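# Chains, contacts and geometry: an overview
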Amino acid sequence: LQIERESTKVIDVEFFNNGDIRDTRDFYQTQFELIRSRALAAQVIKDLNLKDQFASPSAIVRVKQWLGLDSSNNQERELENKILENLSVEPIMNSRLVAVHYDGSTPEQAAQIANAVVKAFEKRNIERRVTDTQEAKQYLTKSVEEAKAKLEDSEQRLNQYARDHEIFQIDDAEATTTSSFALKNLSEELVQAQKQRIEKESKYELLSDKNRKLADRIGVLEDNAAYLQALSQRLDKLKAQYDKQPFASLRTQIKNLETQIDVEVSTKLASLKGEYESAKKKEGLLHEGIAKAKSEAMQEQDKAIAYGTLKREVTTNQQL
């Protein structure tokens, strides 16, 4: 009989170490003991119908003589004992072969029982492998069903969490929240608002600075700047004339023109002040909005971490 060592391999896992000499020796010794086991002897009795022959009144004498049995109430036990007493297993050195010997009353009897022992041993090995395969199949089938159930559950929890916290995907990107969008938009608006506020503030300060030349002051204006420039040029001419000819009429014209210019400048200053304060207020509101959005974004970051955990769980269950 050739005994080949097989690896009990299920799901790409080897359940023994091929390099362990002691384990190999134990393996073959185990096989020898299985060949000489009472269970195998019982199988041989069943396969050869020895019990039925022994129970038959017409064949009782023949079988008892064949096996050399005495009368006994425990006939099957005696049959097993008799087979085991006459059965021996001899390993052949430097090989995976074993010689199965049976000492019987006739050569035919010895051959029949020896062959039956080998066939029973082979049959049990096949049955064991089939059983292992069936158990592995049942285990994998059950595991697949459990993995499917876990996957469905994790997908539902991931989807529900995303709905509850308004987390969604855009162009297959990472999970994005409404607060992160708001924070980005508010930051862009704040940059523009700061630019406008600085511009309005600079114009207001320049226009209200009476120490500067009038031409420089009104140069910051966009609307009606040409009109004020014309008034300024006219005032300069009148002043030049007055320096050469200090007539009272010229002084009156200069005074009236300065008053007219002051009224126009004051109107523009009031308008610029309103625009500046409006820009400043908008900037303040944007700062408040950003602070709120940051707070919400920090909270949603925690939610995103939990979302990522659930998402990884879904991926793991998909792989399983």
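Structure first, text after, so check above.
A brief structural summary.

### Focus on the overall build of the protein chain
Scanning the protein chain from terminus to terminus reveals ten helices and four strands. For the protein chain, the sequential pattern of α-helices and β-strands runs α-α-α-α-α-β-β-α-β-β-α-α-α-α. Taken across its 320 residues, the protein chain has 28% of its residues classed as buried. For the protein chain, contacts bridging at least 24 residues in sequence account for 59% of all contacts bridging at least 6. Split by element, the accessible area of the protein chain, about 21900 Å² in all, is 49% carbon and sulfur.

### Concerning the packing of aromatic side chains
For any two aromatic rings, the description comes down to two numbers: the centre-to-centre distance and the angle of the planes. Within this structure, the stated rule accounts for one aromatic pair. Residues Phe 27 and Tyr 28 carry aromatic rings whose centres are separated by 5.1 Å and whose planes lie at 75° to one another, so their mutual orientation is edge-to-face. When sorted by exposure, Phe 27 lands in the same class as Tyr 28, which is buried.

### So, the nonpolar core
Core analysis: the largest hydrophobic core is formed by 27 residues, its most contacted members being Ile 3, Ile 35, Val 44, Ile 83, Tyr 102, Ile 113 and Val 117. For this core, the secondary structure elements donating two or more residues are α1 (21–35), α2 (38–47), α5 (75–86), β1 (87–91), β2 (98–102) and α6 (107–164). Per-element accounting of this core gives the leading share, eight residues, to α6.

### Here we look at the pairing of β1
With five bridges joining them, β1 and β2 adopt antiparallel strand pairing. Bridge assignment links Glu 90 to a residue of β2, and that residue is Ala 99.

### Re the environment of Val 98
Examined against the element boundaries, Val 98 turns out to sit in strand β2. Residue classification places Val 98 among the buried residues on the basis of a relative accessible area of 5%. Taking the C-alpha atoms as reference, Val 98 lies 8.6 Å from Phe 32; in sequence the two are 66 residues apart. For Val 98, the residues in contact, after removing those within four places along its chain, are Leu 1, Ile 3, Phe 32, Ile 35, Val 89, Glu 90, Pro 91 and Ile 92.

### Here's the deal with the pairing of β2
Burial along β2 is one-sided: the residues Val 98, Val 100 and Tyr 102 are buried and none of Ala 99 and His 101 is. Counted along the chain from β1 to the antiparallel partner β2, the turn is six residues long, and its residue Asn 94 has a positive phi close to 60°.

### A short note on unusual backbone geometry
The bulk of non-glycine residues show a negative phi, and the bulk of peptide bonds are trans. Unlike most non-glycine residues, Asn 49 shows phi in positive territory, near 55°. When you line up the elements, Asn 49 lands in the loop between α2 and α3 (50–55). With a phi angle near 60°, Asn 94 is a residue other than glycine that sits in the positive phi range. For Asn 94, the position within the fold is in the loop between β1 and β2. Its relative accessible area of 81% is what places Asn 94 among the exposed residues.

### A look at the packing of α2 against α6
Relative to each other, α2 and α6 sit at 115°, their axes nearing to 9 Å. Viewed along their axes, α2 and α6 adopt a mutual orientation that is roughly perpendicular. Crossing geometry of α2 relative to α6 is assigned as right-handed. Of α6, the residues touching α2 (which contributes Ala 39, Leu 40, Gln 43, Val 44 and Asp 47) are Ile 113, Ala 116, Val 117, Ala 120, Phe 121, Lys 123 and Arg 124.

### Re the side chain of Glu 80
You can see Glu 80 is positioned in helix α5. Each residue touching Glu 80, except ones within four places of it in the same chain, is listed here: Arg 38, Ala 41, Ala 42 and Ile 45.

About the criteria used
Within every chain, residues take consecutive numbers counted from 1 along the sequence as written. pLDDT decides what is reported in this predicted model: residues at 70 or higher carry local features, side-chain atom pairs at 80 or more are listed and counted, and totals for whole chains, interfaces and linings draw on all residues regardless. For the side-chain quantities, the full set of heavy atoms in the structure was used; hydrogens and water were omitted. Each helix is a run of H or I in the DSSP string that is no shorter than four residues. Each strand is a run of E no shorter than two, and both are numbered from the N terminus. Exposure classes here rest on a 1.4 Å probe applied to the protein chains alone. A residue is buried below 20% of its type maximum, exposed above 50%, and partly exposed in between. We call two residues contacting when some pair of their heavy atoms lies within 4.5 Å. Residue exposure ignores everything except the shown protein chains as possible cover, and the areas themselves are Shrake-Rupley values with a 1.4 Å probe. Working definition: rings of Phe, Tyr and Trp (its six-membered ring) pair if their centres are within 6.5 Å, and the pair is stacked with planes under 30 degrees apart, edge-to-face with planes over 60 apart, and tilted otherwise. Note on terminology: a nonpolar core comprises buried Ala, Val, Leu, Ile, Met, Phe, Trp, Tyr and Cys residues joined through side-chain atoms within 4.5 Å. The criterion for strand pairing is that DSSP finds at least two bridges linking the strands in question. Orientation is described by axes fitted as lines to C-alpha atoms, over the contacting stretch for helices, and by angles from 0 to 180 degrees between their N-to-C directions. Small angles under 35 degrees read as roughly parallel and large ones over 145 as roughly antiparallel, with 65 to 115 read as roughly perpendicular and the rest as oblique. A crossing counts as left-handed when the near helix is turned anticlockwise from the far one by less than a right angle, and as right-handed when that turn is clockwise.

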